[in-house]
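Chain by chain, the residues:
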Amino acid sequence: MSRAALAFGLALLLGGCAAKKVTEIVVLVDSDIPLGTGPLAINRLGLQVHYPGPGKVPGVLDEQEKKVGLEWDLLPTGANPIGLPATIGLLPGRDLAQPILVTVRGLLEQSERVRRQAQLLFAPDRIILLRLNLLRRCVSPVSCAARESCGERGCEPIEQDSRSLPDYSVDQILPRFDGGPRDLRRDVPLDGPRPDTPRPDAPRPGDGPRPDAKALDGPKPDAQKLDGPKLDAQKLDGPKPDLKKLEASPPGVWVVLTPPALANLHGVAGFVAGSTLDVLMVGDGTGSPKQCSVFRYQHPIGTWIDETAATGCSSPLRAVAASAPADVHLVGTAGGAFHFDGKWKARSVSATTTLLGAWAGPGLAVAVGAESNGQASIYHFESGAWLQKVSAPFDASATGLVGVSGSSTELWAVGAFGAVWRYASSAWSGVGGAIPFVANPPPNLLGVWSSGSEVVLVGQAGAIWRKVGAGAWSNESVSGGASDLHGAAGYGGNDRFAVGDAGTVLKLSAGLWIPELPVTAENLRAIWCDGSSFGCCFAVGDKGVVLRRCP
């Protein structure tokens with residue numbers, strides 16, 4: 001069997017001499033999912049390899065740990081085609097004690113339909129075979145618990161013992177599910193040649209000699225007898241990978257980012273700053289007692305900036321809102337509030353006030369929360385200070401308002417026991433009674449997102465209510481013991497998301513909220529989506545979890 005090779009940044013490794021033992025993992029991928037463009041098909045194959053850090057939960061995709069990110073077309077008419085079953089050789093880096101996380105993805109265009117993962121070590125001096133078939137039974141919304149991946153035996157452990165895997169042989173029979181022909185093998189180095197790696201132009205068993213091998217190895221064998229008709233390498237490999245695209249996260253997939261400290265994060269928002277999308281995340285501190293954290297992430301360059309000390313905060317923060325690079329608001333417990341207009345300034349309210357939500361737009365900024373007596377409070381930022389506009393008791397056991405979203409002409413704020421407030425014509429009014437909640441008392445609402453004429457409310461036990469334009473409120477709640485939902489966000493005409501406990505991420509599709517493939521088991525507390533050309537969404541939660549999804 002001939003093998004074509006794909007370069008990844010550094011020089012391509014074509015293997016060692018016949019007298020030298022080879023260390024390699026050969027990933028075999030096949031699928032029983034139809035290939036095509038229909039709703040039940042896949043038409044692209046993705047491969048990622050990560051170096052997971054110590055203590056990481058197996059299967060979590062951390063962008064900073066990614067070494068390889070490649071995609072191929074599964075249809076022969078694509079620009080970079082690959083056939084199934086496909087074999088992809090992974091050549092080790094310099095440290096054989098470093099485990100690798102291999103992720104294979106079946107895509108329909110840019111949308112992930114199915115994922116298969118394995119974490120393992122290289123087996124020194126062995127070429128081992130790792131089967132990662134993409135199965136119809138595992139197509140989303142099917143999901144497994146943390147540390148597991150869906151496979152032939154159901155949910156299987158992601159961690160695998162390479163010593164138990166079989167050896168790979170170019171002569172072994174690897175039939176397709178449909179009985180069709182096998183594809184050719186690609187070899188991918190992880191971080192370049194090791195010092196003891198033979199020169200890149202050396203032949204390796206099974207490859208046959210390279211075009212210039214005549215002077216090195218004697219007469220050239222008859223390629224027709226060895227491997228059949230000569231193959232066009234350009235057709236096999238397609239165009240060279242764009243390294244900038246390889247460094248970006250896979251489109252339509254949630255990946256984990258690692259902030260400067262693993263503090264519980266409660267709020268996220270951002271803005272476009274020149275060529276970057278700057279995203280601010282706020283929450284608790286990591287000391288004892290817990291204080292505060294303020295992190296800035298710059299996409300797509302991947303830079304983290306810890307701005308905690310610059311703000312001067314001393315108590316946990318709960319929300320962030322921004323209308324421009326020089327108009328950012330942070331709010332939180334003990335009346336803590338800060339404004340950035342070129343530099344950070346304290347703009348606190350009463351120490352007995354807890355501010356849990358914030359929104360900012362051109363000419364208007366709003367914060368919502370609760371007073372010490374349980375009254376719901378709404379503040380507007382005017383003339384450099386927060387002024388209380390509403391103080392309304394709606395239930396003796398209420399915890400106040402927790403979220404606010406909308407535009408400068410129409411805003412929505414939500415809270416416990418189905419509390420909903422609307423801002424229109426420069427005035428606030430309670431409108432919770434207009435929503436036909438089924439439960440009595442109504443559910444605690446924990447988050448809200450509004451854009452244009454659309455409003456999404458989320459809350460306790462999977463509660464979701466949505467309204468578009470002048471239409472009626474639609475109950476789209478998730479039933480069956482669903483997790484609490486803490487936030488909602490969206491952009492464009494179709495992408496709507498809700499996040500909540502135990503890593504829950506839901507995506508609206510044809511009127512149904514469908515679970516996305518889980519990438520964390522931590523509670524997610526907030527989500528924000530960028531409406532600019534970046535179109536990325538960020539979700540944050542407990543223990544410093546940060547997720548990113550870009551189109």
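Calculation notes
- Residues numbered from 1 in each chain as written.
- Predicted model: local features only at pLDDT ≥ 70, side-chain atom pairs only at ≥ 80, totals over all residues.
- Heavy atoms only, no water.
- Helix = DSSP H or I, 4+ residues; strand = E, 2+ residues; numbered from the N terminus.
- Buried < 20%, exposed > 50% of the residue type's maximum accessible area, 1.4 Å probe, protein only.
- Contact = heavy atoms within 4.5 Å.
- Areas by Shrake-Rupley, 256 points an atom, 1.4 Å probe, with all protein chains shown as cover.
- Pairing = 2+ DSSP bridges.
- pLDDT = per-residue confidence, 0-100.
- Axes fitted to C-alpha atoms, helices over the stretch in contact; angles between N-to-C directions.
- Disulfide = S-S within 2.5 Å.
- Phe/Tyr/Trp six-rings, centres within 6.5 Å; stacked < 30°, edge-to-face > 60°.
- 1 Å grid on protein atoms, 1.4 Å probe; cavity = no way out; pocket = protein on both sides within 12 Å on 5 of 7 lines; lining within 4 Å.
- Points joined across faces, edges and corners; volume = space filled by probe spheres on them.
- Polar contact = N/O pair within 3.5 Å; in protein donor to acceptor, adjacent residues only side chain to side chain.

1. Things to note about the overall build of the protein chain
What the protein chain contains, in helices and strands, is five helices and 38 strands. Per-residue burial over the protein chain gives 55% buried out of 551 residues. Considering only contacts within the protein chain whose residues lie at least 6 apart along the sequence, 56% involve residues at least 24 apart. A total accessible area of about 23,400 Å² is found for the protein chain, and carbon and sulfur atoms account for 54% of it.

2. Points about the pairing of strand β17 (residues 327-332)
The two faces of a sheet get side chains in turn, since along a regular strand they alternate between them. With respect to burial, β17 is a largely interior element, six of its six residues being buried. Side chains of β17 alternate between two faces, with D327, H329 and V331 and V328, L330 and G332 buried alike. The pairing of strand β16 (residues 317-324) with β17 spans six bridges and is classified as antiparallel. Bridged to A322 within β17 is V328. Between β16 and β17, which pair antiparallel and follow one another directly, the connecting turn spans two residues. Bridging between β17 and strand β18 (residues 337-340) involves four bridges; their strand directions are antiparallel.

3. Things to note about the confidence of the model for the protein chain
For the protein chain, mean pLDDT is 81; residues scoring 70 or higher make up 79% of the total. This stretch, residues 1-19, has a pLDDT under 50; its non-local contacts, to residues over four places away or in other chains, come to 72 contacts. Confidence over residues 192-248 falls short of pLDDT 50; this stretch has 81 contacts with residues more than four positions distant or in other chains.

4. Here's the deal with the sheet that holds strand β33 (residues 495-500)
If you walk across this open sheet you meet the four strands as β32-β33-β34-β35, and the pairing is antiparallel. Each edge of the open sheet is held by one strand with a lone partner, namely β32 (485-491) and β35 (512-515). With strand direction ignored, the average angle separating the axes of adjacent strands in the sheet is 30°. Examined bridge by bridge, strand β34 (residues 505-509) and β35 share four bridges and lie antiparallel to one another.

5. What to know about the sheet that holds strand β13 (residues 276-283)
The sheet built from four strands is open, its strands ordered β12-β13-β14-β15 with antiparallel pairing. Each having just a single partner strand, β12 (265-273) and β15 (303-306) make up the two edges of the open sheet. For this sheet, the mean angle separating the axes of adjacent strands, direction not counted, is 20°. Strand direction decides the pairing type here: β12 and β13, joined by eight bridges, are antiparallel. Its bridge partner lying in β13, V268 is registered against M281.

6. Brief notes about the state of the cysteines
For the structure on display, the rule yields five disulfides. The disulfide partner of C138 is C150, and the gap between their sulfur atoms is 2.0 Å. Measuring the twist about the S-S bond at about -75°, one finds the C138-C150 disulfide to be left-handed. Here C138, found in the loop between β7 (127-131) and β8 (148-151), pairs with C150, found in strand β8; they are twelve residues apart in sequence, far enough to count as distant. Of the residues examined, C150 reaches a relative accessible area of 10% and is grouped as buried. In this model, C144 is linked to C155 through a disulfide, with the two sulfur atoms separated by 2.1 Å.

7. Things to note about the packing of aromatic side chains
This model, assessed by the stated rule, comprises eight aromatic pairs. With a centroid separation of 5.6 Å and 85° between ring planes, the pair formed by W254 and F497 is classed as edge-to-face. Residue W254 is located in the loop between α4 (243-247) and β11 (255-257), and its partner F497 is located in strand β33; the two are separated by 243 residues in the primary sequence. You can call W254 buried: its relative accessible area is 3%. Looking at F497, the relative accessible area reads 0%, which means it is buried. Among the aromatic residues, those joined into a cluster by ring pairs are Y297, W304 and F538.

8. Remarks on the layout of surface pockets
Roughly 1,100 Å³ of volume is contained in the second largest pocket. The wall of the second largest pocket is formed by 50 residues, among which V268, A358, V404, I527 and W528 lie closest to the centre. Listed by contribution, the elements that provide at least two residues to the lining of the second largest pocket are β12, β16, β20 (354-361), β24 (401-406), β28 (445-451), β32 and β36 (524-529). Tallying contributions element by element places β12 first for the lining of the second largest pocket, with seven residues.

9. Overview of the side chain of D284
Mapping D284 onto the fold places it in the loop between β13 and β14 (293-299). Looking at D284, the relative accessible area reads 7%, which means it is buried. A polar side-chain atom of D284 sits 2.9 Å from a polar atom in the side chain of R318.

10. A look at the side chain of S31
Within the secondary structure layout, S31 lies in the loop between β1 (24-29) and β2 (44-50). In this structure the side chain of S31 is engaged in a polar contact, spanning 3.0 Å, whose partner is the backbone nitrogen of I33. Polar contacts involving the side chain of S31 include one to the main-chain carbonyl oxygen of L134, which spans 2.8 Å.

11. Points about the pairing of β2
In terms of burial, β2 is largely enclosed, as seven of its seven residues are buried. Going residue by residue along β2, you find R44, G46, Q48 and H50 tucked away on one face and L45, L47 and V49 tucked away on the opposite face as well. Where β2 lies against strand β3 (residues 66-73), seven bridges are found, and the strand directions are antiparallel. Residue pairing across strands places L47 opposite L70, the latter belonging to β3. Pairing between β2 and strand β5 (residues 100-108): seven bridges, direction antiparallel. Across the sheet, the residue bridging to G46 is R105, located in β5.

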